[in-house]
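# Observations on the three-dimensional arrangement
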Amino acid sequence: MDFYMIAILLVTLIPVFITLMFIPYLTRKTESFGVSIPEEVFQHPELKAMRKQYATFTGVLSIIVIAIFLLLSNLLGEDLNAAGILLSVAIGGFLISSFLIYLFFHRKMKTMKATEKWEQQKPQKVVINTKFRDQKLIYSNGWFLFPLFIAFTTILFTLLNYDRIPDRIPMQYGFDGEVTNWADKSYRSVMILPILQVYLTLLFLFINSMVAKAKQQVSVENPDKSIQQNIIFRRRWSAYLIISGTALILMFSFIQLTMIYPVDPQLLVIVPIIFSVGMTVGAIVLAFSTGQGGSRIKTTIGQKGEVIDRDDDQYWKLGQFYFNRNDPALFLEKRFGVGWTINLARPLAWTILLVIILSAFAIPYFLAM
Amino acid sequence: MFIHLDLQSNEAIYTQLKNQVIAGIAKKELQPGDGLPSVRSLAADLGINLHTVNKAYQQLKQEGFIQIHRQKGVVINPEGIPEADETYKRTLEQTLHPIIAESVCRKINEDEFLAICSSLFLEFEKTKGEK
């Protein structure tokens, strides 16, 4: 187990663990473990205890996974391929077990809601503002012209310096900066990174547009406050997308340039690590300071609600997967987590997701052939 | 303007939607020429069927409250809402008739009934004065 392995472990596992542990604290206050509740119930002592319990369970699970990972990777020794597989298995195992922990609390919450009957005491409503979309919800997609320009510059630069690129080009790096997979040099294979840059820029641009288009979710108990929070929430993530997207494209250009101007292989490990650390730390800070839908942003004090949000639990399968045939919305806020998800009842939403995932695999595959 | 819907109510959703837009115009929260969300966008935000929103919009259009343009989208009638004509007055009478009949049965006298009407009118007058 060397330094690089530990570094990879730290940058990949720890942020995932921390975020998952604290998700119940980051959601909207009208939701608890995938079950909709009146806002004031969020501070109920029993719910507070459940959040704490969930964080403890997930925390203990994280420590166990790290311990197993360290133990096994010592046994495996220098076999880097096996270490890579181990890492994926560790993350996969953790995600499944933490989902089971979630399900336990989800069930408990559902039972509690059924017995307490909070929702029957107040009328349920849905509210929207007709002027919501006239406001500035995201930063302009024009910002993506900059990474797009970098990508095309990289393409041009690569073509102009084609002769200087070695006959074999690296496709994949191990944890220690050693190349583990090579491709023969050709006009197609040298274009893998630049084409991925264009793809990623378009992907970030798409996500940014999605942030603007996603369903307007206003809390009935406090509409003005929740709209204010929601606008800040969207703008902050939009800024994050623009900044991290541009940084990612810059990093790709750096890697591409090392084909023409060789650098210390250690730098090829360190730069991506610094980049991922920056990106994850940024996301965590944003998630904790903003909360889902902007729920953690302090604004003017809210009043105690006479009405509550409509109970749409029936459309949230297992509290996390939205399936509503009557809702034309494609994208909406996640229920248990920070960010957005799709309406699984809409084939178009599935198609978009599939196209994104498939092209991420197809582009390098076809260009490397 | 905020649109509130009660999805458990007996009143049809398209009626609620239509009534709220009309109330918004009466309270001057919606001015002539102001935009409204497109059918798709409003339905997605409210999480209701496209046809429901479409039905409300079509009725509002027929009654002269809104205009639906291919390019400009949905706007509050820029020429103002058409003033009451004989046909409207007849419809108004027909609508009020059963309501007054019920009030009579329930021993609400004319003064009481008119007092309720005045207070409702006041609701719209007030907002007019503020803006």
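To keep things clear, this report deals only with the structure shown in the data block.

### Remarks on the overall build of chain B
Regarding its fold elements, chain B presents 5 helices and 4 strands. Seen through its C-alpha atoms, chain B measures out along the principal axes to roughly 50 × 35 × 30 Å. For chain B, with 131 residues in total, the buried portion stands at 28%. Considering only residue pairs separated by 6 or more positions, chain B has 46% of its internal contacts joining residues 24 or more positions apart. Only carbon and sulfur atoms are counted for the fraction: they give 54% of the accessible area of chain B, which is about 8700 Å².

### Digging into unusual backbone geometry
Of note in the backbone geometry, leucine 318 of chain A takes a positive phi value of approximately 55° without being a glycine. With respect to the helices and strands, leucine 318 of chain A occurs in the loop between β7 (316-317) and β8 (321-322). Residue leucine 318 of chain A is classed as partly exposed on the basis of its relative accessible area, which comes to 37%. A positive phi angle, close to 65°, is found at lysine 28 of chain B, a residue other than glycine. By the element assignment, lysine 28 of chain B lies in the loop between α1 (13-26) and β2 (35-36). On the basis of relative accessibility, which here comes to 34%, the residue lysine 28 of chain B falls in the partly exposed class.

### A look at the packing of aromatic side chains
Residue and element names in this part refer to chain A. Enumeration according to the criterion identifies 21 aromatic pairs over all chains in this entry. On the numbers, 4.1 Å between centres and 55° between planes, the contact of phenylalanine 17 with phenylalanine 94 is tilted. Here the residue phenylalanine 17 occupies a position in helix α1 (residues 3-26), and phenylalanine 94 occupies one in helix α3 (residues 80-116), the gap between them amounting to 77 residues. With relative accessibility at 0%, the residue phenylalanine 94 sits in the buried group. Ring geometry for phenylalanine 157 against tyrosine 261: centres 6.4 Å apart, planes inclined by 40°, an arrangement best described as tilted. Of the two residues, phenylalanine 157 sits in helix α4 (residues 145-160) while tyrosine 261 sits in the loop between α6 (223-260) and α7 (265-290), which places them 104 residues apart along the sequence. By relative accessible area, which is 30% here, phenylalanine 157 ends up partly exposed.

### Regarding the pairing of strand β1 (residues 2-5) of chain B
The two faces of β1 of chain B differ: Ile3 and Leu5 of chain B on one face are buried, but Phe2 and His4 of chain B on the other face are not. Here strand β3 (residues 124-129) of chain A pairs with β1 of chain B via 4 bridges, running antiparallel. For valine 126 of chain A, the partnering residue across the bridge sits in β1 of chain B and is leucine 5 of chain B.

### Considering the sheet that holds β1 of chain B
Judged by pairing direction, the sheet is mixed, and its 3 strands sit side by side in the order β6(A)-β3(A)-β1(B) without closing on themselves. The open sheet terminates on both sides in strands that have one partner only, identified here as β6 (308-309) of chain A together with β1 of chain B. Relative to β6 of chain A, β3 of chain A runs parallel, the two being bridged by 2 bridges. Considered in β6 of chain A, the bridge of lysine 125 of chain A is made with aspartate 309 of chain A.

### Observations concerning the nonpolar core
All names here are of chain A. Counting residues in each nonpolar core, the largest one holds 32 residues, and the members touching the most others are Leu200, Leu248 and Trp340. Among the elements that take part in this core, α6 stands out by supplying 10 residues, more than any other. When neighbours within four sequence positions are excluded, leucine 248 is seen to be in contact with Leu200, Phe204 and Phe275. One finds Val65, Leu86, Phe94 and Ile101 within the second-largest nonpolar core, a separate group that totals 28 residues.

What counts, and at which threshold
- Residues numbered from 1 in each chain as written.
- Chains lettered and ligands numbered in written order.
- Predicted model: local features only at pLDDT ≥ 70, side-chain atom pairs only at ≥ 80, totals over all residues.
- Heavy atoms only, no water.
- Helix = DSSP H or I, 4+ residues; strand = E, 2+ residues; numbered from the N terminus.
- Buried < 20%, exposed > 50% of the residue type's maximum accessible area, 1.4 Å probe, protein only.
- Contact = heavy atoms within 4.5 Å.
- Areas by Shrake-Rupley, 256 points an atom, 1.4 Å probe, with all protein chains shown as cover.
- Phe/Tyr/Trp six-rings, centres within 6.5 Å; stacked < 30°, edge-to-face > 60°.
- Pairing = 2+ DSSP bridges.
- Core = buried A, V, L, I, M, F, W, Y, C linked by side-chain atoms within 4.5 Å.

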